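Below are the chains, spelled out letter by letter.
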Amino acid sequence: MRVFWCILLAIWPLCGSALDIKGTDYMGLREVAGRFGMQTRWIEKGQTLALESKWTKMSFTIHKREMSLNGNRIFLGYPVAESSGRLYLSTSDFTHQLKPILTPQSNGKVPKLHHIMLDPGHGGKDPGAENAAIGLREKTLTLDLAKRVARQLQAHGFRVSLTRQDDRFHSLETRAQKANQEKADLFVSLHFNATGSGSVSGVETFAFTPPFQPSSSRTKLHSSDRKAWPGNINSGWNALAAYYVQRSLIKATGATDRGLKRARFTVLRDLQMPGLLVEGGFVTNNTEGRNIGSAAYRDKLAKAIVDGILVYQRSLDRHSVKAK
C-alpha cells in the first residue's frame, strides 16, 4: 500500500528513506536541506531548525503546521515531527509546498501566461462580507479591486477578462467554467475576509489543496481528501503563483501575514489552468476595513497583486527558456 501512495503522490524517490509517523511518510529536514544544497542550523535546539543557503532561509518548528521561507509564512499539510532528536517534514509537503517554489522546474510543463481571468467574489444576491458601521460590502469592493487589477495588467500587455462586470450573481462553478471555456492562463479570485472578532486582521492567499493532504482549516485527512480534482493538475504552479502574490501583498501593505494556505474552494476545484484566491484583509476589523474602503489602498492592493503576477511570469519565462 505504501508503494501505491508513493507512486500516486509522485514522491517515489523519497519513499526509500521515509519515516512513517502516525501513518504519514516523513523525511528528515537535514535530507531536505541536502536536496536543496542548504546547510542546517538550530535556532532553538530540538525545537526550531533553520535551512540556509546564500539566497534562501527556511525555518521549521516542532509540531507546527507552518514554516517560514525568507520571512514569509507558508502553511503545511502536516505538522513538523520529531524523532530521536531530529525534525522531519512530511514527504507530501516537500513535494507540494517546497519543491514548487524552490525548484519550479520540477512542476512539469511550463504554462504560458497571456490571458488572465479575474474573479471578483460574490455579487448580486450574495453580498459577501459586510461592515455596516463603516459602509463596506465585499461584493462592491471586489469588483472595484478587479477593475483596478485589470487596468494595471492590461498596461503590461496582458489580455484580461472578468467573471462578472457588474453587480450580479454567478455560481462558483460557473466562474471556473468561464475561465476554462475562454482558455485563460491564470485565474485570480478576489475576496475580502470577515470574522466575528473585530481584532482579527491580515492578508492570506490560497492555492488548491493537493490530494491526500488536509486543507489549512482542519487537522485531519478526510476520506474525500483523497480525491483528485482538475484543480490539482497544476498544483505546483498554483503554489508558485500564490506564493509570489502573497509575498508581494505583505511587502506592499505591511499587513499581518496570514500566510500561503490551502483550501478546496469550489471556485478553484475545476480549473484547467493555475489559479489562486486572495483574501485582501478583514472588513470586520475597523482599522483594516477603513484601509480597504480607501481607493488609494485598493490601488496599492491591485499593484501588489500585479507585481506578484509579474514575478510569476518572470519565473515562467526563465524555466520556459531552460526547457527548450
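Please read all numbers here as calculations on a predicted model, not as lab measurements.

Peer 1: What exactly am I supposed to notice about helix H6 (residues 172–181) here?
Peer 2: An α-helical turn contains 3.6 residues, so any two residues separated by three or four positions project in the same direction. Considered for burial, the residues of H6 that qualify are Arg-175, Ala-176, Ala-179 and Asn-180. Angular distribution of buried residues about the axis of H6 spans 135°; they occupy a single face of the element. Buried positions along H6 lie against strand E10 (115–120), strand E14 (186–193) and helix H8 (266–269). Positioned one or two residues after H6, Lys-183 has a phi angle of 55°, which is positive.

Peer 1: Hey, could you run me through the side chain of Ser-235 in this one?
Peer 2: By the element assignment, Ser-235 lies in helix H7 (residues 235–253). Aside from chain neighbours lying at most four places away, what touches Ser-235 is His-96, Pro-210 and Arg-262.

Peer 1: Where do I start with the side chain of Asn-180 in this structure?
Peer 2: Residue placement: Asn-180 occurs in helix H6. Note on Asn-180: relative accessible area 14%, which makes it buried. One polar contact links the side chain of Asn-180 to the main-chain carbonyl oxygen of Asp-270, over a distance of 3.0 Å. Dropping the residues within four chain positions of it, Asn-180 is found in contact with Asp-270, Leu-271, Gln-272 and Met-273.

Peer 1: Looking at this model, I keep getting lost on the pattern of salt bridges. Mind explaining?
Peer 2: Pairing of side chains with opposite charge becomes possible as their charged atoms draw close. Within the structure shown, the criterion is met by 19 salt bridges. Where Glu-204 meets Lys-261, a salt bridge forms, and the shortest distance between an N and an O atom there is 2.8 Å. Highlighted residues: Glu-204 in strand E15 (residues 203–208) and Lys-261 in strand E16 (residues 257–263), separated in sequence by 57 residues. Like Glu-204, the residue Lys-261 is buried in the burial classification. Among the salt bridges present, the one from Lys-303 reaches Asp-307, with a minimum N-O distance of 2.9 Å. Residue Lys-303 and its partner Asp-307 are located together in helix H10 (residues 295–323), separated by four residues, close to a single helical turn. Relative accessible area serves as the criterion here: at 46%, Lys-303 is assigned to the partly exposed category. When salt bridges that share partners are traced, they join Asp-144, Arg-148, Arg-298 and Asp-299 into one network.

Peer 1: Looking at this structure, how should I read the packing of aromatic side chains?
Peer 2: Enumeration over the complete set of coordinates arrives at three aromatic pairs. With centroids separated by 5.5 Å and ring planes inclined at 35°, the aromatic side chains of Phe-36 and Phe-94 adopt a geometry described as tilted. Taken together, the residues Phe-36 in the loop between helix H3 (29–35) and strand E3 (39–44) and Phe-94 in helix H4 (residues 91–102) connect sequence positions 58 residues apart. As far as burial versus exposure is concerned, Phe-36 and Phe-94 are alike and both buried. Their ring planes at 55° and their centres at 5.7 Å tell us that Tyr-243 and Tyr-244 sit as a pair that is tilted. When sorted by exposure, Tyr-243 lands in the same class as Tyr-244, which is buried. We note Lys-227 situated over the ring of Trp-229; from NZ or CZ to the ring centre the distance is 3.9 Å.

How each quantity is defined
- Residues numbered from 1 in each chain as written.
- Predicted model: local features only at pLDDT ≥ 70, side-chain atom pairs only at ≥ 80, totals over all residues.
- Heavy atoms only, no water.
- Buried < 20%, exposed > 50% of the residue type's maximum accessible area, 1.4 Å probe, protein only.
- Helix = DSSP H or I, 4+ residues; strand = E, 2+ residues; numbered from the N terminus.
- Arc of directions from axis to C-beta.
- Contact = heavy atoms within 4.5 Å.
- Polar contact = N/O pair within 3.5 Å; in protein donor to acceptor, adjacent residues only side chain to side chain.
- Salt bridge = Lys/Arg side-chain N within 4 Å of Asp/Glu carboxyl O.
- Phe/Tyr/Trp six-rings, centres within 6.5 Å; stacked < 30°, edge-to-face > 60°.
- Lys NZ or Arg CZ within 6 Å of the ring centre and 35° of its normal.

So far we have only geometry, and geometry alone does not tell us how the molecule works.
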